Amino acid sequence: MSTPPGTDEHQAENRRRAARVLLMNPIITAAQRPDDLALVRANAVELKRVFNRVLGYQLVVESGFARLIKSPLSQETAARPALTPNGAEFAPRTYAYLALVCASLLSPNTGEQVLMSELVDQVRADAVTAGITTTDATTEQRHLVRAIGLLVDWGVLSEVDGSVAAWDHRQHEEALLDVHRGLLPHLLTRGLRDVGDPTHLIAGTLGDPVAAEQPRRDLRRRLVENPLVRREDLPESERDVLSRERRELTRVLAESFGLVLEVRSEGALAYDPDDELSDVRFPGTGTVAHAALLLVNALTDELRPTGATTAEVEGRTVPGVLATWALVRSSLDLLVEQYGRTFAKAHVADVDHLRSEVVALLQSVCLATAVPDGLVLHPAAARYRPEPHRAPAKTRAQSRLDDDTPTLFTTDATDHRGES
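Procedures and definitions
Residues numbered from 1 in each chain as written. Predicted model: local features only at pLDDT ≥ 70, side-chain atom pairs only at ≥ 80, totals over all residues. Heavy atoms only, no water. Helix = DSSP H or I, 4+ residues; strand = E, 2+ residues; numbered from the N terminus. Buried < 20%, exposed > 50% of the residue type's maximum accessible area, 1.4 Å probe, protein only. Contact = heavy atoms within 4.5 Å. Areas by Shrake-Rupley, 256 points an atom, 1.4 Å probe, with all protein chains shown as cover. Pairing = 2+ DSSP bridges. Core = buried A, V, L, I, M, F, W, Y, C linked by side-chain atoms within 4.5 Å. Salt bridge = Lys/Arg side-chain N within 4 Å of Asp/Glu carboxyl O. Axes fitted to C-alpha atoms, helices over the stretch in contact; angles between N-to-C directions.

**A word on the overall build of the chain**
- Secondary structure summary: the chain contains 16 helices and 14 strands in total.
- Taken across its 420 residues, the chain has 45% of its residues classed as buried.
- In the chain, the share of contacts with a sequence separation of at least 24, taken over all contacts with a separation of at least 6, comes to 66%.
- Carbon together with sulfur atoms contributes 51% to the accessible area of the chain, which is approximately 22,000 Å² in total.

**Here's the deal with the sheet that holds strand S7 (residues 229-230)**
- The strand order S7-S9-S8 describes an open sheet built from three strands, whose pairing is antiparallel. A single partner strand is all that each edge strand has here, and the edge strands are S7 and strand S8 (260-264).
- Where S8 and strand S9 (residues 267-271) come together, five bridges link them in antiparallel fashion. If you follow Leu261 over to S9, its bridge partner there is Ala270.

**Brief notes about the nonpolar core**
- With 37 residues, the main nonpolar core has Leu22, Phe51, Leu223, Leu253 and Phe257 as its most contacted residues.
- Broken down by element, this core gets its largest block of residues, six residues, from helix H3 (residues 44-55).
- Apart from residues no more than four positions distant in its own chain, Phe51 is found in contact with Ala19, Leu22, Leu23, Gly56, Tyr57, Leu59, Leu68 and Phe257.

**Let's talk about the pattern of salt bridges**
- Following the criterion strictly, the structure yields 19 salt bridges and no others.
- One salt bridge connects Glu46 with Arg49, and the closest N-O pair in it is separated by 2.3 Å. Pair noted here: Glu46 and Arg49 are both in helix H3, with a separation of three residues, about one helical turn.
- Across the salt bridge formed by Arg239 and Glu236, the nearest N and O atoms sit 2.7 Å from each other. You can see Arg239 and its partner Glu236 sitting in helix H10 (residues 236-244), three residues apart, about one turn around the helix.
- Here the salt bridges share partners, and the residues they tie into one network are Arg20, Asp272, Asp274 and Glu276.

**Remarks on the pairing of strand S3 (residues 65-69)**
- Here S3 lies mainly inside the structure; five of its five residues are buried.
- Burial along S3 is two-sided: Phe65, Arg67 and Ile69 and Ala66 and Leu68, pointing in opposite directions, are all buried.
- Examined bridge by bridge, strand S1 (residues 27-29) and S3 share three bridges and lie antiparallel to one another. Bridge pairing in S3 places Ile28 opposite Ala66.

**What about the sheet that holds strand S5 (residues 157-161)?**
- The strand order across the open sheet built from three strands is S4-S6-S5, with neighbouring strands paired in antiparallel fashion. If you trace the sheet from one side to the other, it starts and ends with strand S4 (113-115) and S5, each paired once. The sheet shows a mean angle of 35° between the axes of neighbouring strands, taken without regard to direction.
- Along the sheet, helix H5 (residues 116-129) makes contact with S4, S5 and strand S6 (176-179), crossing S4 at roughly 85°.

Rendered as structure tokens:
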């Protein structure tokens with residue numbers, strides 16, 4: 001029986017859409033995202049094959065959840081810490097409570113449902129066994145509630161009656177929670193038996209325990225997980241793949257995840273034309289994103305770097321230009337003076353805080369690196385400048401030379417959508 005016209009394309013699009021959902025939401029539960037889980041389950045066989053072959057990731061699909069287990073990422077991958085409801089990063093103490101809560105939920109004493117008070121008691125008992133000191137202080141209680149709240153967000157726990165937040169804000173108001181025990185063992189992306197030092201986990205220095213180096217897979221993983229892949233950060237084997245197999249790399253990323261590969265002399269990025277595959281938007285809305293975009297433009301205009309401009313970062317000479325901290329501050333002061341009416345009042349009143357948030361944003365999207373002397377702007381920052389530079393038309397032969405032609409601070413773009 002012949003396949004109806006368009007069926008293959010429709011199936012490929014559904015599979016690609018499911019893959020994109022998993023990249024943005026590595027944990028999907030029936031309780032929170034039933035439609036997405038149904039889409040993933042319908043394409044489970046092909047999705048498992050694609051994620052394993054293309055990125056080396058394991059996909060677990062059960063009736064009540066799907067979990068994309070990512071392999072350890074490279075050191076240059078921007079950290080994405082867990083966040084509190086108000087956007088603050090989890091403190092080390094919160095992570096300690098998160099580990100204790102997960103251990104307590106796996107206890108034989110914990111069933112398919114648990115009262116908030118019982119879970120807290122079990123956590124404190126397990127803390128004593130582990131030699132971890134806990135108290136009844138308000139700050140300690142908030143760390144514990146935030147850890148439990150994150151598990152609710154992930155779908156490991158579901159609020160049946162009452163809420164986790166009420167325990168913190170309403171003097172221990174009781175809550176009944178459903179426990180999705182089948183998902184718990186899949187939260188960690190790797191076993192911990194061979195980890196002798198927790199700092200290796202934090203720093204991302206542990207290698208992939210499953211497979212030896214695979215340049216094609218590793219490069220694809222970098223491109224999917226990083227807003228920007230800097231050429232100087234690539235090992236020789238991956239640079240060779242980027243140069244020799246770009247057409248195949250472009251095809252695989254487009255067919256698997258709907259990403260568009262862009263390669264320049266200073267590096268490469270895989271962006272999403274639909275502006276969906278990103279947890280950090282740049283350019284974006286809000287004071288910090290607006291100020292960061294304007295700062296990139298101001299520093300570039302002030303420093304006038306060329307394609308040969310380099311800077312020192314951790315003892316390496318890399319493409320980029322150094323803006324001293326004094327210049328960064330004076331540029332932000334001028335931006336606040338010019339555009340302060342549109343900025344949040346808190347940032348206008350505290351320019352030092354605005355600077356720290358702007359720098360953090362630019363680093364998170366791999367466009368800048370903070371060093372003791374200032375801020376090193378990567379050449380790719382030029383593509384975000386507000387005023388596009390229109391180059392003269394090129395011949396077909398000139399177009400083939402794009403990759404060998406430095407584009408440092410010469411190619412601008414009004415909008416780049418899709419940090420992955």
